[in-house]
Amino acid sequence: DFFIPREVIEKTKETMEALQKRNAAIQPSLAIIQAGEDDSLLEMNTKLARRIGLKVTQVCLEKECSEDEIVKEVLKLNEDPGVHGLYLHLPPASTTSRVLTALKPEKDVEGCSSLSIIHSIWLLFLLQSPVLLFIQKNVVHSCTRWLQERQYQPWNLSSINLQPQTPVPSDIEISRAQTPKPVDQLAKEIGLLPEELEVYGRSKAKVRLSLLDRLQNQPDGKYVLVAGITPTPLGEGKSTVTIGLVQALSAHLKLNSFACLRQPSQGPTFGVKGGAAGGGYAQVIPMEEFNLHLTGDIHAITAANNLVAAAIDARILHESTQSDKALYNRLVPSVNGVRRFSPIQISRLRRLGMDKTDPASLTPQEINAFVRLDLDPSRITWHRVVDTNDRFLRKITVGQASTEKGQSRETGFDIAVASEIMAILALADGLEDMKTRLARMVVGTSRGGQPVTAEDLGVSGALAVLMKDAIKPTLMQTLEGTPVFVHAGPFANIAHGNSSVLADKLALKLVGQDGFVVTEAGFGADIGMEKFFNIKCRASGLQPNVVVLVATVRALKMHGGGPNVSAGTPLPREYIDENLDLVAGGCRSNLRKQIQIARLFGVPVVVAVNVFKTDTQAELDLVCQIAKECGASDAVPCHHWAQGGRGCIELAHAVNAAATRSNNFQFLYNLQLPLVDKIRAIAQQVYGADDIELSPDAKAKIDYYNQQGHGSLPICMAKTHLSLSHMPEKKGAPTGFILPIRDVRASVGAGFIYPLVGTMSTMPGLPTRPCFYDIDLDPVTEEISGLF
C-alpha cells in the first residue's frame, strides 16, 4: 500500500463532484495502453481511482506489439468520448515519435505527446503514489477541460461582404462571385465541434445528431415560420425571403440566425420551375451543389423506397409458388445445423400473438400465419419512385417476364420526394424514431383485410441502414456567410411540405436563447403553414414565435381579379402597370384570409412584401397599410433580391419585435376528435368551405382506419395550392362551397391521414421545353451553365 495525503485526495474528489454536479452523466475516465499482461499498474491505479471516483480501463496489447497496433489503439481511444485521459505504459522502443504524435494533446495526461519519455514499471514502483496521483489528477483536469469545450459556445461569425450590382446579374453569376467560407470554418464559428461534422467537399457537411445530446440543456432560440399567400404558378419567393431575413439578422443586426430549407428535387430543377436556392442576392451557395444531389439524401430515399417495392413483388412471387414448409425453411434457414429467428422475425411473431423463439416449436397453423403475408395485389398502395419528372411512369405493368410466372400487376411511379420515407425523414426526431416509423409503414392489405407493414416484409432494419446518413442535416451558407441547414423535401400536397424537425431542433440549440431559426413551409399558408402547425409542431413539440407571411403585388393583383398568370408566357399589362384597385381587392380577400388563418393558431404575423422591379411605391404602401388593418403586427417591403440582407433589415426588426409579443399558440383541433370532424375543421376554418362531402370510398376508408386504430392521427389535406378552395381557378377567398373528399389514405409510418381533394398528381410531367435545354457543362473548366 502507499500513502497519499488526505487533503490531496479530498481536493481531487471535490473537483470530481463539481464536474458531476454540472453533468451527472460524466465520469472522468483514464485508459492505460500497455504491452503485456502485467496488472500491477492497473491495480495501483484502480485502488487510487476508487478513492477519488475515477474510472480506469486497461488496454493490453501483445508484449511484442507493433507500432501500427499501438497507433491504431491510440487513434481509437482519441475518438472515444468516454475516455478523458490516455496513459502510455510502453517499453522505450515502442514510444516512437509516430506513436506520440498520434496521441491527442487534450487526452495526454503526462504531456508525452510532444516529449520523448521513458516508461518502465520499475520507475512507477519507485515513485508510486506521486506519479499515479499526478496522472489521475490530470485525467480529472482533462475531463473538466473536455466538458468546458462541450458547453454552448458564443458565435464568432464572420460575414462575407456583399456588393450588389445594378442591374442584378443572373443567379448563377451572383453565386459564383462569392467565395464561400470553408464549411469547417463556418462550423467552428457557430460552435460546432470537429467530431460533430462530416465534411462533403469544401462547402457542405453533415451535422451529427450527437449535438442534441451535448446541448440538451441549452435554451432554444426564437422560432420563425415563413409562409405565403396563395401563390401564382410562378411562386412568390418564400425561399428568397427566408434567406434575405437570416442574412439581415446575422450579417447586419449581428443576431445569431439559421435558415432551415428543404432540399430541392431534381424534378423541378430539370423541369419547369428550376432550383430552389433562393435568388438574386438572397441565395444559398454554391447554388449548383444545393440544386444537384447535395449529399445524396434523395438518392438514399429512392434506394430505400424501391427496396420496399422489390420486397413486395418478390414476396408475392415466392408465396404463390411455394408450400408453407418450403417458405418456412427458406425464411428461417438452418445455418451450421442451427435455426434461429432474426430479431425482425421475432417482432412479427409477437404481433401475431406467438410468444415463441424456437423455430422447431411452431405448429403448422402458426407456420402458415408466419409465412403468409397474403398480400392482395389489387390493394398494394406502395409505388416505386424516381427523382425525375416522368409522366409515362404514372401507370405501368410489372411482372411481364416469363420468370415472374404470371405475377403481373398494375402499379406506378411517384417522384422521389412524394415517398412516405421522405415524409418520415422530415418528421423523425432521431434514429430510433425513424426506425419505428419505417417499420410501421403500411404497404398494402392482405386478402383477409389486414394491413401489411414494412416490418412484416422484414425490410425495415435495412431501410434504417440506407437512411442512417440521410437523417443528418446538411450545413451550407448564404451569400453573406450565414449558416443554413438543408434537410428533407416532402411534397407539400400529399405530405406536410416542411423541412425536417431535426434541422430545426439542431438550429434552435445552436443559435442560443436570443437567436432566430427561420424555417419555411411549402405553398400558401392554407397548406404548408396549417400542416406545419398541426403536424410538424405536434411531432416536434416546438412552438413558433412569429409567422412571416410573404406576399407579392403580382399575386395580390391576381386575387383581386387580374387575368391568369402562366409559367413561360409574358405577364399581362395589369401586372406591369400600376393598378391599385386590383391590389386592394387581393389584399382584402386572399391576404386578409391568410392572416386570419395564421392568427387562428395564436401566432403574431408579419407580412413581408417581396418587391419586384415593376411594383410602384403606391402599391407597396397600400399592401402594408391593408395588411396591418387586417391584423398583421407589421408589414414591410423587402428588397433582398436586389440588395441582399441589407434589403431585409426592416423585416428583421419587425420579426425581432413580434417575437417579444405574447404568443398564445394552439392547435386547430384535438387529435381525439373523429377523423371526419378534423377534416371538417380544416375545410371550414382554414379554407372557408361551408361543409365537406365524403365519397362512399372515403367513408369506407375512414371506417377502416378507425378500425385499425388510426383515428387519432392528424390530418394532412391533399388539395391544390392555387386556391384556398379545391378549385384552382377560384382566386381570392372563395366562400359558399362544399369541399369534396374523393378518397382518404394513410401514411401510418409518417403518422398522418391524408384526404384527397380533387386529383393530386404525385408524378409531375415535363413541359414541351424543360429547363434541361439550357443546362450544360464546360468540359475544360467544369463550370455548369443554365441552372438559372
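The following refers to the structure shown. All values derive from a computational prediction rather than experimental measurement.

### As for the packing of aromatic side chains
- Enumeration according to the criterion identifies 12 aromatic pairs in this entry.
- Look at Tyr223 and Phe532: their rings are 5.7 Å apart centre to centre, the planes differ by 50 degrees, and that puts the pair in the tilted class. On the criterion of sequence distance, the pair formed by Tyr223 in strand 6 (residues 222-228) and Phe532 in helix 21 (residues 525-540) is long-range, its members being 309 residues apart. Considered together, Tyr223 and Phe532 belong to a single accessibility category, that of buried residues.

### Quick notes on the layout of surface pockets
- In this structure, the second largest pocket encloses a volume near 1300 Å³.
- Forming the walls of the second largest pocket are 49 residues, and the residues nearest its centre are Ile380, Thr381, His383, Arg745 and Tyr754.
- Where the lining of the second largest pocket is concerned, the elements lending two or more residues are strand 12 (375-380), strand 15 (409-411), strand 16 (413-415), helix 17 (420-427), strand 17 (442-446), helix 28 (696-707), strand 27 (743-747) and strand 28 (752-756).
- Counted by class, the lining of the second largest pocket contains 23 nonpolar, 15 polar and 11 charged residues.

### Quick look at a nonpolar patch on the surface
- A surface patch of nonpolar side chains, about 200 Å² in accessible area, is lined by Leu234, Leu571 and Ile576.
- Residue placement: Leu571 occurs in the loop between helix 22 (553-559) and helix 23 (580-600).
- What makes Leu571 partly exposed here is its relative accessible area of 32%.

### Observations concerning the pairing of strand 3 (residues 85-89)
- In terms of burial, strand 3 is largely enclosed, as five of its five residues are buried.
- Neither face of strand 3 is exposed, since Gly85, Tyr87 and His89 on one face and Leu86 and Leu88 on the opposite face are all buried.
- Looking at chain direction, strand 1 (residues 29-35) and strand 3 are connected through five bridges and run parallel. Across the sheet, the residue bridging to Ala31 is Leu86, located in strand 3.

### Some details on the environment of Ala35
- Structurally, Ala35 can be placed in strand 1.
- Each C-alpha atom of the pair Ala35 and Cys60 lies 5.8 Å from the other, and the pair is 25 residues apart in sequence.

### A few points about the pattern of salt bridges
- Enumeration over the complete set of coordinates arrives at 36 salt bridges.
- Here Lys395 ties to Glu410 by a salt bridge, and the two come within 3.5 Å at their closest N and O atoms. One end of the pair, Lys395, is in the loop between strand 13 (384-386) and strand 14 (396-398); the other, Glu410, is in strand 15, and 15 residues separate them in sequence. Here Lys395 and Glu410 have matching classes, each one exposed.
- What emerges from the salt-bridge pattern is a single network uniting Glu198, Arg208, Lys468, Asp469 and Lys472.

### Quick look at helix 28
- The end-to-end C-alpha distance of helix 28, which contains 12 residues, comes to 17 Å, matching closely the 16 Å that a straight helix rising 1.5 Å per residue would cover.
- Within the sequence span of helix 28, burial applies to Ala698, Ile702, Tyr704 and Tyr705. When helix 28 is viewed along its axis, its buried side chains cluster within an angular range of 160 degrees and face the same direction. In this structure, helix 28 carries Pro696, Asp703 and Gln707 as exposed residues pointing more than 90 degrees from its buried face.

### Here we look at unusual backbone geometry
- For the bond running from Thr166 to Pro167, omega is -5 degrees, close enough to zero to count as cis.
- Here Pro167 shows up in the loop between helix 6 (129-149) and helix 7 (171-177).
- Each neighbour pair has its own omega, and for Ile285 with Pro286 the value is -10 degrees, a cis peptide bond.
- For Leu294, which is not a glycine, the phi torsion comes out positive at approximately 55 degrees.
- Note on Leu294: relative accessible area 8%, which makes it buried.
- In this structure, Glu782 takes a positive phi of about 65 degrees despite not being glycine.

Quick notes on the rules
Residues numbered from 1 in each chain as written. Predicted model: local features only at pLDDT ≥ 70, side-chain atom pairs only at ≥ 80, totals over all residues. Heavy atoms only, no water. Phe/Tyr/Trp six-rings, centres within 6.5 Å; stacked < 30°, edge-to-face > 60°. Helix = DSSP H or I, 4+ residues; strand = E, 2+ residues; numbered from the N terminus. Buried < 20%, exposed > 50% of the residue type's maximum accessible area, 1.4 Å probe, protein only. 1 Å grid on protein atoms, 1.4 Å probe; cavity = no way out; pocket = protein on both sides within 12 Å on 5 of 7 lines; lining within 4 Å. Points joined across faces, edges and corners; volume = space filled by probe spheres on them. Nonpolar A, V, L, I, M, F, W, Y, C, P; charged D, E, K, R; others polar. Patch = residues over 30% accessible without salt bridge, like charges linked within 9 Å, V, L, I, M, F, W, Y side chains within 5 Å. Areas by Shrake-Rupley, 256 points an atom, 1.4 Å probe, with all protein chains shown as cover. Salt bridge = Lys/Arg side-chain N within 4 Å of Asp/Glu carboxyl O. Pairing = 2+ DSSP bridges. Expected span 1.5 Å × (residues − 1). Arc of directions from axis to C-beta.

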